[in-house]
Amino acid sequence: MIRKFLHKVFNRKISALNADSQLCIIPSKQHGIHRSQISPGALKVTQNLQKSGFSAFIVGGAIRDILLGLEPKDFDVATNATPEQVRSIFRRSRIIGRRFRLVHVMCGHETVEVSTFRGPSLAQVDTLDMKNHTDQHGRLLRDNVFGSQEEDAARRDFTMNALFYDPSSEEIHDYLNGYSDLKAKTLCIIGEPATRYREDPVRMLRAIRLAAKLDMLIDTETAKPIGDLAPLLQNVPPSRLFDEMLKLLLSGHALSCVVDLRARGLHHGLLPMLDVILEQPLGERFITLALKNTDERIRQEKHVSPAFLFASLLWHEVLAAWNKHKLSGEKPLIALYKAMDEILLKQQKNLAIPRRFSATIIEIWVMQPRFESLAGRKPFRLLSHPRFRAAYDFMLLRCESGEVSMDLGTWWKRFVAADQDKREKMIHTPASSRKRRNRGRRKTSAQSIPADGTSESSEKEKTAY
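Here's a quick rundown of the structure. Here the structure is a predicted model, which is why all the values come from computation and not from measurement.

**Some thoughts on the pattern of salt bridges**
Part 1 of the argument: A complete count under the given rule lists 17 salt bridges for this structure.
Part 2 of the argument: A salt bridge links Lys324 to Glu342, with the shortest nitrogen-to-oxygen separation between them at 3.7 Å. Taken together, the positions of Lys324 in helix α18 (residues 306-327) and Glu342 in helix α19 (residues 332-348) put the pair 18 residues apart, joining distant regions of the chain.
Part 3 of the argument: The class for Lys324 is partly exposed, based on a relative accessible area of 47%.
Part 4 of the argument: A salt bridge links Arg387 to Glu363, with the nearest nitrogen and oxygen atoms 3.0 Å apart. Separated by 24 residues along the polypeptide, Arg387 in the loop between α21 (378-383) and α22 (388-401) and Glu363 in helix α20 (residues 355-367) bring together distant segments of the chain.
Part 5 of the argument: We classify Arg387 as partly exposed; its relative accessible area is 35%.
Part 6 of the argument: Salt bridges sharing partners connect three or more residues here, namely Arg196, Glu199 and Arg203.

**Topic: the environment of Arg35**
Part 1 of the argument: Within the secondary structure, Arg35 is located in the loop between α3 (28-31) and α4 (40-51).
Part 2 of the argument: Classification of Arg35 by relative accessible area gives partly exposed; the value is 32%.
Part 3 of the argument: The spacing of Arg35 and Pro167 is 132 residues in sequence and 5.5 Å in space, taken between C-alpha atoms.
Part 4 of the argument: Not counting residues up to four positions away in its chain, the partners in contact with Arg35 are Leu43, Tyr165, Pro167, Ser168 and Glu170.

**Describing the packing of α18 against α22**
Part 1 of the argument: Between α18 and α22, whose axes approach to 11 Å, the crossing angle comes to 35°. Along this stretch, α18 crosses α22, giving a crossing that reads as right-handed. Taking contact as the criterion, the partners of Phe308, Ala311, Ser312 and Trp315 in α18 are, on α22, Ala390, Asp393, Phe394, Leu397 and Arg398.
Part 2 of the argument: Partitioning the contact of α18 with α22 into residue classes produces six nonpolar, one polar and two charged.

**A closer look at the packing of α18 against α20**
When two helices pack together, you describe them by how their axes are tilted relative to each other and by the distance separating the axes.
Part 1 of the argument: Packing of α18 against α20 leaves a shortest axis separation of 9 Å and a crossing angle of 55°. Regarding the angle of α18 to α20, the classification is oblique. Once α18 is placed against α20, the crossing between them reads as right-handed. Between α18 and α20, the residues in contact are Pro306, Ala307, Phe308, Phe310, Ala311, Leu314, Trp315 and Val318 and Phe357, Thr360, Ile361, Ile364 and Trp365, respectively.
Part 2 of the argument: Broken down by class, the residue content of the contact of α18 with α20 amounts to 12 nonpolar, one polar and no charged.

**A short note on unusual backbone geometry**
Part 1 of the argument: For Glu170, which is not a glycine, the phi torsion comes out positive at approximately 60°.
Part 2 of the argument: The topology assignment puts Glu170 in the loop between β7 (163-166) and β8 (171-174).
Part 3 of the argument: Looking at Glu170, the relative accessible area reads 11%, which means it is buried.
Part 4 of the argument: In this model, Lys185 sits at a positive phi of 60°, which is unusual for a non-glycine residue.
Part 5 of the argument: Along the chain, Lys185 falls in the loop between α9 (178-183) and β9 (186-187).
Part 6 of the argument: Residue class for Lys185 comes out partly exposed when judged on its relative accessible area of 34%.

**Details of the packing of aromatic side chains**
Part 1 of the argument: In total, this model carries 17 aromatic pairs according to the counting rule given.
Part 2 of the argument: Between the aromatic rings of Phe388 and Trp412, the centroid separation amounts to 5.9 Å while the plane-to-plane angle is 45°, which identifies the pairing as tilted. Linking Phe388 in helix α22 with Trp412 in helix α23 (residues 406-417), this pair joins segments that are 24 residues apart in sequence. Assigned by exposure class, Phe388 and Trp412 land together as buried.
Part 3 of the argument: Relative to Trp412, the ring of Trp411 lies with its centre 5.3 Å away and its plane at 80°, an arrangement referred to as edge-to-face. Taken individually, Trp411 and Trp412 each receive the classification buried, so the pair is uniform in this respect.
Part 4 of the argument: By the ring-pair criterion, three or more aromatic residues cluster together here, those being Phe371, Phe380, Phe388, Tyr392, Trp411, Trp412 and Phe415.
Part 5 of the argument: Seen from the ring of Trp322, Lys326 lies directly overhead, with NZ or CZ sitting 4.2 Å from the centre.
Part 6 of the argument: In this arrangement the basic side chain of Arg423 is found over the ring face of Phe415, its NZ or CZ atom lying 5.5 Å from the centre.

**Thoughts on the pairing of strand β6 (residues 110-116)**
Part 1 of the argument: Pairing of strand β3 (residues 76-79) with β6, which is carried by four bridges, proceeds in the parallel orientation. Across the sheet, residue Ala78 finds its bridge partner in β6, namely Ser115.
Part 2 of the argument: The pairing of strand β5 (residues 102-107) with β6 spans six bridges and is classified as antiparallel. In the sheet register, Val103 faces β6, and the bridge partner there is Val114.
Part 3 of the argument: Linking two consecutive strands that pair antiparallel, namely β5 and β6, is a turn of two residues; a positive phi of about 65° is found at Gly108 within it.

**Thoughts on helix α11 (residues 202-213)**
Part 1 of the argument: The first and last C-alpha atoms of α11 sit 16 Å apart over 12 residues, in line with the 16 Å expected at 1.5 Å per residue.
Part 2 of the argument: In terms of burial, α11 is a largely internal element, 11 of the 12 residues being buried.

**Some remarks on the pairing of β7**
Part 1 of the argument: Along β7, one buried face is formed by Leu163 and Tyr165 and the opposite face, lined by Phe164 and Asp166, is buried too.
Part 2 of the argument: Pairing geometry for β7 and β8, over four bridges, is antiparallel. Residue pairing across strands places Phe164 opposite His173, the latter belonging to β8.
Part 3 of the argument: What sits between β7 and β8 in their antiparallel hairpin is a turn of four residues, with Glu170 showing a positive phi close to 60°.

**A few points about the sheet that holds β5**
Part 1 of the argument: Spatially, the eight strands line up as an open sheet ordered β1-β8-β7-β2-β3-β6-β5-β4, and their pairing is mixed. Strands with a single pairing partner mark the edges of an open sheet, and in this sheet they are β1 (24-26) and β4 (93-96). The mean inter-strand angle of the sheet, taken between neighbouring strand axes irrespective of direction, is 30°.
Part 2 of the argument: Against the sheet, α4 makes contact with β2 (56-59), β3, β5, β6 and β7, and its axis sits at roughly 40° relative to β6, the strand it touches most.

About the thresholds
Positions within a chain are numbered from 1, following the residues in the order the chain's sequence is written. Totals for whole chains, interfaces and linings use every residue, but because this is a predicted model, local features are given only for residues with pLDDT of at least 70 and side-chain atom pairs only at 80 or more, for both listing and counting. Calculated side-chain values reflect all of the structure's heavy atoms, with hydrogen atoms and water omitted. For salt bridges, the criterion is a side-chain nitrogen of Lys or Arg within 4 Å of an Asp or Glu carboxyl oxygen. Per the convention used, a helix needs a DSSP run of H or I reaching at least four residues, while a strand needs a run of E reaching at least two, with both numbered from the N terminus. Burial classification: accessible surface area is computed with a 1.4 Å probe over protein chains only, and a residue below 20% of its type maximum counts as buried, one above 50% as exposed, and the rest as partly exposed. Every residue pair with non-hydrogen atoms within 4.5 Å of one another is taken to be in contact. Fitted lines through C-alpha atoms give the axes, limited to the stretch in contact for helices. The angle between two N-to-C directions lies from 0 to 180 degrees. What makes a crossing left-handed is the near helix being turned counterclockwise from the far one by less than a right angle; a clockwise turn instead makes it right-handed. Each residue is assigned to one of three groups, with Ala, Val, Leu, Ile, Met, Phe, Trp, Tyr, Cys and Pro labelled nonpolar, Asp, Glu, Lys and Arg labelled charged, and all others, Gly among them, labelled polar. Note on terminology: angles under 35 degrees are roughly parallel, angles over 145 are roughly antiparallel, angles of 65 to 115 are roughly perpendicular, and the others are oblique. Pairing of aromatic rings covers Phe, Tyr and the six-membered ring of Trp, with a centre-to-centre limit of 6.5 Å; geometry is then stacked below 30 degrees between planes, edge-to-face above 60, and tilted otherwise. Criterion for a charge above a ring: Arg CZ or Lys NZ at most 6 Å from the ring centre, at most 35 degrees from the ring normal. DSSP-based pairing: two strands are paired if at least 2 bridges between them are found. Under the convention used throughout, the expected extent of a helix is 1.5 Å for every residue step, that is, one less than its residue count.

Listed below in structure tokens is the structure:
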């Protein structure tokens, strides 16, 4: 038993892909990346690690984005130093993560994520031990296995994300032909596609998002098993699915991503009601307009609310449930609340929308009937609501899609743009059949009877007649 254990630890099997890979060093003159394009924090981390005798590279999406002429959002570092060794070098740092430990190094306002080179998971090393490290579908549950730089490249998701940039030499280390794939605009998964998707089903969503965002084609072999393995998304924690779905919707290519999700059958694990909505002409137009507007705002670097996005995606299911409850005799407002609870509960099983977003979603929905009340002080009260702007944009979207009359949207546009005097003139005076109550002091019975004992009414009658 001891001999087997030592053999497993010190003679780990390297996958066929990793064994066949060859290191290709791409010089600066060929790739064109200069160290000045790397953030100061990431440069400081790699330099300090290298001065301490360790290897250190900028990896992942940052190098990919620079090669494509895009501005990276952050810079990650990979090293052969263990998390404890990284922690000892940088005073302002902390170790995080359970499935795979990482170190966050704080450099001023910048946080640099440092990971230790990963090796083959224990499930890959010994299939007999797989049940302890994967679930019944092959998804990795534990992955704290360190390895070499070459093994780390083989463990990444796509070839274009397995490029290592050394700021000191300004060279790129490429083990898996990722540089050529990137230049050819082809997205290729590393390893056997079905196995890699089973290890982490979220990779299927990531493939859709990256292909749309970077204007790339998904390699035929990479795309082939996606439709069959789509049900695996149901085994991913809902909170993790929400995070990945949010990245997809805020990629600036949400419309093409959602269309591709539906075409490949991936939406069933995320938005199972999407089929029903898109089969309705009004629903399809509403969602298309919402996603187009979102993409346009992101391209213009304007703020986009995740709550608004999910309110848009789920609205026509709420609308259908609302109408159903009203037809059964429920009062409109009660029917709306029942419909909202019903749809959000159904959606929560697939995609865990955080409470901070679901509260805003509900406010946007609840305010929609109030836009139809144009009399009295109601428009003024609605205008002062903290969520007015989001609900107002949502109402305009409903008008544009044909769900409600454009006249309503036109009135509100004029009302919002007008000054206080003009707003007062625009308000519809409510017709009231009730007579104004006399607010004067009511006379007591003793005051209403004269000293002679005759009532006022009898005196008036005498005078009248």
